[in-house]
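Take a look at the letters that make up each chain.
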Amino acid sequence: MAAPSSPAPALRRKHLRERLRILGFLSPWLVGFSVFFGYPLIATGYFSFMHYNQIEQPAFVGLRNWRYVLTQMPLFGPALWNTLWLVVVMVALRVVFGLGIGLLVTKVKSGAGFFRTAFYLPYLAPPVAATVAFVFLLNPATGPVNEILGALGVPGPEWFNDPSWAKPSLVLLSLWGIGDLMVIFMAALLDVPREQYEAAELDGAGAWGKFRYVTWPSITPIVLFAVVTGVVQTMQYYTQALVAGKLASGVSVGPGSVIQPGYPDHSTLTVPQLIYSLGFQNFNTGAACALSLVLFAIAMAVTTLLMRKRAGLLPAED
Amino acid sequence: MTTTTFPRRPARARTPGTAGTPAARARRTRLLHWIAVHAVAVAAALFFLLPFVFVFLTSVMTDDQAMSGELWPHEWNWSNYTAVFTTPGFLGWWRNSLLYAGLGTLFTVCSAIPVAYALARFRFRGRRTAMLLVISTMMLPPQVVVIPMYLVWAQQLHLTGSIWPLVVPMAFGDAYSIFLLRQFLLTIPPEYVESAKVDGCGELRTLLRIVVPMARPGIAAIALFQFFYCWNDYFGPQIYTAQNPAAWTLSYGLESFKSAHSVNWNLTMAATMLVMAPVIVVFFFAQKAFVEGVTLTGVKG
């Protein structure tokens, strides 16, 4: 709302009141944004140029932390690789599987309520509980999954205990919790105008033709939305990878103890875990902050993508 | 926005027909289609539900049997649940989780309502920027800003080892809740707000008397999401409460429970059931608000 160029004093007072009112309504967020986002971001930048171990005073070291993180730290490569692997494979499979379950659910006629609830429930399981459960289910020696596979004559893999199976096991765990995507896709699928299907049928389109020329074009924005938010979520992937690695390694120690994350062979080490490990286990605060900013840069790049209208996150009227 | 629990497609009218006619053939195709769809659905349901079943069955096994890999319990050993509850610390973690989730939800709802209202209803310069900033914080990995925040809580405020560093920030507007509620508020016709103002309602009165009651489903959705977020949170408690086991939450304590009882899968699975139970119970009571919320985040943009 543009203010007139020379308003009468009463009008100006009204505008001032209006502005103060808006500020008042926004104040919880304004405070929160500055204190819990703005300040720590600036401080992270500051510490990334310091040698700091949380005991001694910070000492300026220039770009040394950055050089260490990007070129010398042996675990940076594996952590980045694992994170990118998860981003590509997990997001792709989640979207495909979520869409498949969404389609299935719109086709089910009997017991629809039961199936929808069944598919949705795992999404609600707390990540730690779900991970503990999956480490148990996929336990190579006594887990039910390998018992059943064995009974069927298929030798089960070592799952979380095999470096080449650990990440696929995490993917399986995340496919189990697909409920949110299912609901989003289901709503999008039911929004497709029915007349378009009838028109396509008249034109002689089969099941695939209807999907390709009617369903797909109208759900593309939602698929894009799912991909981009999935990428952002997966870049933060932390709890499941950490807990699975710790439990599968069988190390009988409580939280807070120093163990190398990413069991087995760093195959489940992600960038967020590396930040935690640098900052809170090795007390190399400067390097942890530099690594945080690397993650921040990647996250911002993806977020910028999200801001584009096509991703459908911002309403058109904005 | 959906009005029923789950969006439903209208039922198709049934066409009567006699055997041998094209109508009967069409009906046979439909039947085969019905069978195929439901077979796939049953298979999928097994994938989603069997983990719960196995976790539950193991949670009532005896120590010996839980190690054996057998699937069905010989005897139903309910005492595992008592054993979990009497494990030192477990009740305290339960209380901390409730406190974190309860206060966190209350604070989030109270702070998100005015902010979401301002972003949805007021026209002002910088509104778009504010929205972009809200969304950016929503997308930001929590690990990026945690180190300086930890240092403030640990070195200046000396409050680490308690749940306060987890709860206090919630009083200052959670980006996700603000975004979700704002999207919901946009669906309320502005005429209601206008007519309240014409009737002489102040802005705050309008918000409390008109908007909040109308936005009840949206508020319920953000409250539920925040409750689940806090209940499920692992990273926050790990950062701020690790040094003091008395301040751990259930999510965080569960992992240590397994570590301390390395071999006792039955006890661990009983504990896992107890961590999962509250969210599932809450879901069955609040299904509608929950599913609406999920739909709203994804579809109504």
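Considerations on the overall build of chain B
Next up, step 1: Counting its secondary structure elements, chain B contains 15 helices and 0 strands.
Next up, step 2: Seen through its principal axes, chain B has C-alpha atoms that stretch 70 × 65 × 30 Å.
Next up, step 3: Within chain B, the proportion of its 301 residues that are buried is 55%.
Next up, step 4: Taken as a whole, chain B presents about 13,300 Å² of accessible surface, with 67% of it coming from carbon and sulfur.
Next up, step 5: A distance of 18 Å separates the average location of the 22 positive side-chain charges in chain B from that of its 12 negative side-chain charges.

Notes on unusual backbone geometry
All names here are of chain A.
Next up, step 1: A cis amide bond links Y263 with the next residue in sequence, P264, at an omega value of -10°.
Next up, step 2: Here the phi dihedral of D265 falls at roughly 50°; this positive angle occurs in a residue that is not glycine.
Next up, step 3: Positionally, D265 belongs in the loop between α11 (239-249) and α12 (271-281).
Next up, step 4: Look at F283: it is not a glycine, yet its phi comes out positive at around 50°.
Next up, step 5: Under the relative-accessibility criterion, F283 is labelled partly exposed at 39%.

Points about the interface of chain A and chain B
Next up, step 1: The interface is formed by 109 residues belonging to chain A together with 107 residues belonging to chain B.
Next up, step 2: Both faces combined, the contact of chain A with chain B buries some 9,700 Å², and carbon together with sulfur accounts for 76% of it.
Next up, step 3: When the area that chain A buries against chain B is broken down by residue, the three leading residues are A:F25, A:W29 and A:F36, summing to 8%.
Next up, step 4: Our count for the contact surface shared by chain A and chain B stands at 2 salt bridges.

Observations regarding the pattern of salt bridges
Next up, step 1: Summed over all chains, the structure comprises 6 salt bridges over all chains.
Next up, step 2: With a closest N to O distance of 3.5 Å, A:D180 and A:R94 form a salt bridge. With A:D180 in helix α8 (residues 179-190) and A:R94 in helix α3 (residues 76-107), the pair connects residues that are 86 residues apart, well separated along the chain.
Next up, step 3: Looking at A:R94, the relative accessible area reads 12%, which means it is buried.
Next up, step 4: A salt bridge links B:E255 to A:K246; the nearest nitrogen and oxygen atoms lie 3.1 Å apart. Here the residue B:E255 occupies a position in helix α13 (residues 250-260), and A:K246 occupies one in helix α11, the pair thus bridging two chains. Per residue, the accessibility class of B:E255 equals that of A:K246, and both read buried.
Next up, step 5: Via salt bridges that share partners, A:E18, A:R21, B:K197 and B:E203 belong to a single interconnected network.

Some thoughts on the packing of helix α1 (residues 9-47) of chain A against helix α5 (residues 127-139) of chain B
Next up, step 1: Between α1(A) and α5(B), the least distance of the axes is 12 Å, while the angle of their chain directions is 45°. Between α1(A) and α5(B), the angle is such that the two are oblique. By crossing handedness, the relation of α1(A) to α5(B) is classed as left-handed. Side by side, α1(A) and α5(B) meet where A:W29, A:F33 and A:F37 of the first sit next to B:A130, B:L133, B:V134 and B:T137 of the second.

Structural notes on the nonpolar core
Next up, step 1: A:F119, B:L119, B:L185 and B:F290 are the most contacted members of the largest nonpolar core, which totals 196 residues.
Next up, step 2: In this view, B:L185 contacts B:A116, B:Y117, B:A120, B:R121, B:V211 and B:A215; residues no more than four positions away in its chain are not counted.

What about a positive patch on the surface?
Next up, step 1: A cluster of basic side chains, namely A:K107, A:K109, A:R194, B:R27 and B:R30, defines a positive patch on the protein surface.
Next up, step 2: Summarising the element assignment, B:R27 is placed in helix α1 (residues 22-59).

What about the packing of α3(A) against α1(B)?
Next up, step 1: Axis separation between α3(A) and α1(B) bottoms out at 10 Å; the angle between their running directions is 130°. Comparing their axes, α1(B) and α3(A) come out oblique. The two elements α3(A) and α1(B) meet at a crossing, and its hand is left-handed. Contact residues: α3(A) offers A:F97, A:I101, A:L104 and A:K107, while α1(B) offers B:H33, B:V37, B:V40, B:A41, B:A44, B:F47 and B:F48.
Next up, step 2: Residue classes in the contact of α3(A) with α1(B) are distributed as 9 nonpolar, 1 polar and 1 charged.

Some details on the environment of B:V134
Next up, step 1: Within the secondary structure, B:V134 is located in helix α5.
Next up, step 2: Residue B:V134 is classed as buried on the basis of its relative accessible area of 0%.
Next up, step 3: Note: C-alpha distance between B:V134 and B:R25 (109 residues apart in sequence) is 57 Å.
Next up, step 4: With residues near it in sequence (within four places) discarded, B:V134 still touches A:W29, B:L119, B:A175, B:I178 and B:F179.

Quick word on the confidence of the model for chain B
Residues and elements named next belong to chain B.
Next up, step 1: Chain-level statistics for chain B give a pLDDT mean of 85 and a share of 90% at 70 or above.
Next up, step 2: Averaged over each element, pLDDT in chain B is lowest for helix α15 (residues 287-298) (72) and highest for helix α7 (residues 164-167) (95).
Next up, step 3: For this predicted complex, the interface confidence score (ipTM) comes to 0.87, while the overall pTM stands at 0.88.

Topic: the confidence of the model for chain A
Residues and elements named next belong to chain A.
Next up, step 1: For chain A, per-residue confidence averages 88 on the pLDDT scale, and 91% of positions sit at 70 or higher.
Next up, step 2: Within chain A, helix α7 (residues 163-176) carries the highest mean pLDDT (96), whereas helix α13 (residues 285-307) carries the lowest (87).
Next up, step 3: With pLDDT under 50 throughout, residues 314-318 is counted as low confidence; its partners more than four residues away or in other chains account for 18 contacts.

Comments concerning the side chain of B:S111
Next up, step 1: For B:S111, the position within the fold is in helix α4 (residues 90-121).
Next up, step 2: Here the side chain of B:S111 touches B:M170 through a polar contact of 3.2 Å, landing on its backbone oxygen.
Next up, step 3: Side-chain polar atoms of B:S111 contact the backbone nitrogen of B:G173, separated by 3.0 Å.
Next up, step 4: Setting aside residues up to four positions removed in sequence, B:S111 forms contacts with A:P28, B:M170, B:A171, B:F172 and B:G173.

With respect to a nonpolar patch on the surface
Residue and element names in this part refer to chain A.
Next up, step 1: Together, L16, L20, L23 and L30 line one region of the surface with nonpolar side chains, adding up to about 370 Å² of accessible area.
Next up, step 2: For L30, the position within the fold is in helix α1.
Next up, step 3: For L30, a relative accessible area of 34% corresponds to the partly exposed category.

Comments concerning the packing of aromatic side chains
Next up, step 1: The final tally for this structure, using the stated rule, is 45 aromatic pairs over all chains.
Next up, step 2: Judged by centre distance (5.3 Å) and plane angle (25°), the rings of A:Y276 and A:F280 are stacked. In this pair, A:Y276 and A:F280 both sit in helix α12, 4 residues apart, roughly one turn of the helix. Here A:Y276 matches A:F280 in class, with each residue buried.
Next up, step 3: Their ring planes at 45° and their centres at 6.2 Å tell us that B:F56 and B:W76 sit as a pair that is tilted. Taken as a pair, B:F56 in helix α1 and B:W76 in the loop between α2 (63-66) and α3 (79-85) lie far apart in primary sequence, 20 residues in all.
Next up, step 4: Put simply, the rings of B:F85, B:F90, B:W93, B:W94, B:F227, B:F228, B:W231, B:Y234, B:W248 and B:Y252 touch in pairs and so form one group of aromatic residues.
Next up, step 5: A cation sits over an aromatic face here: A:K167 above A:W85, 5.6 Å from the ring centre.
Next up, step 6: A cation over an aromatic ring shows up here: A:R212 above the ring of A:Y213, its NZ or CZ 5.1 Å from the ring centre.

How each quantity is defined
Residues numbered from 1 in each chain as written. Chains lettered and ligands numbered in written order. Predicted model: local features only at pLDDT ≥ 70, side-chain atom pairs only at ≥ 80, totals over all residues. Heavy atoms only, no water. Helix = DSSP H or I, 4+ residues; strand = E, 2+ residues; numbered from the N terminus. Buried < 20%, exposed > 50% of the residue type's maximum accessible area, 1.4 Å probe, protein only. Areas by Shrake-Rupley, 256 points an atom, 1.4 Å probe, with all protein chains shown as cover. Lys, Arg positive; Asp, Glu negative; His and termini not counted. Charge placed at Lys NZ, Arg CZ, Asp CG, Glu CD. Contact = heavy atoms within 4.5 Å. Buried area = accessible area lost by both parts, 1.4 Å probe. Salt bridge = Lys/Arg side-chain N within 4 Å of Asp/Glu carboxyl O. Axes fitted to C-alpha atoms, helices over the stretch in contact; angles between N-to-C directions. Parallel < 35°, antiparallel > 145°, perpendicular 65-115°, else oblique. Left-handed = near helix turned anticlockwise from the far one by under 90°. Core = buried A, V, L, I, M, F, W, Y, C linked by side-chain atoms within 4.5 Å. Patch = residues over 30% accessible without salt bridge, like charges linked within 9 Å, V, L, I, M, F, W, Y side chains within 5 Å. Nonpolar A, V, L, I, M, F, W, Y, C, P; charged D, E, K, R; others polar. pLDDT = per-residue confidence, 0-100. Polar contact = N/O pair within 3.5 Å; in protein donor to acceptor, adjacent residues only side chain to side chain. Phe/Tyr/Trp six-rings, centres within 6.5 Å; stacked < 30°, edge-to-face > 60°. Lys NZ or Arg CZ within 6 Å of the ring centre and 35° of its normal.

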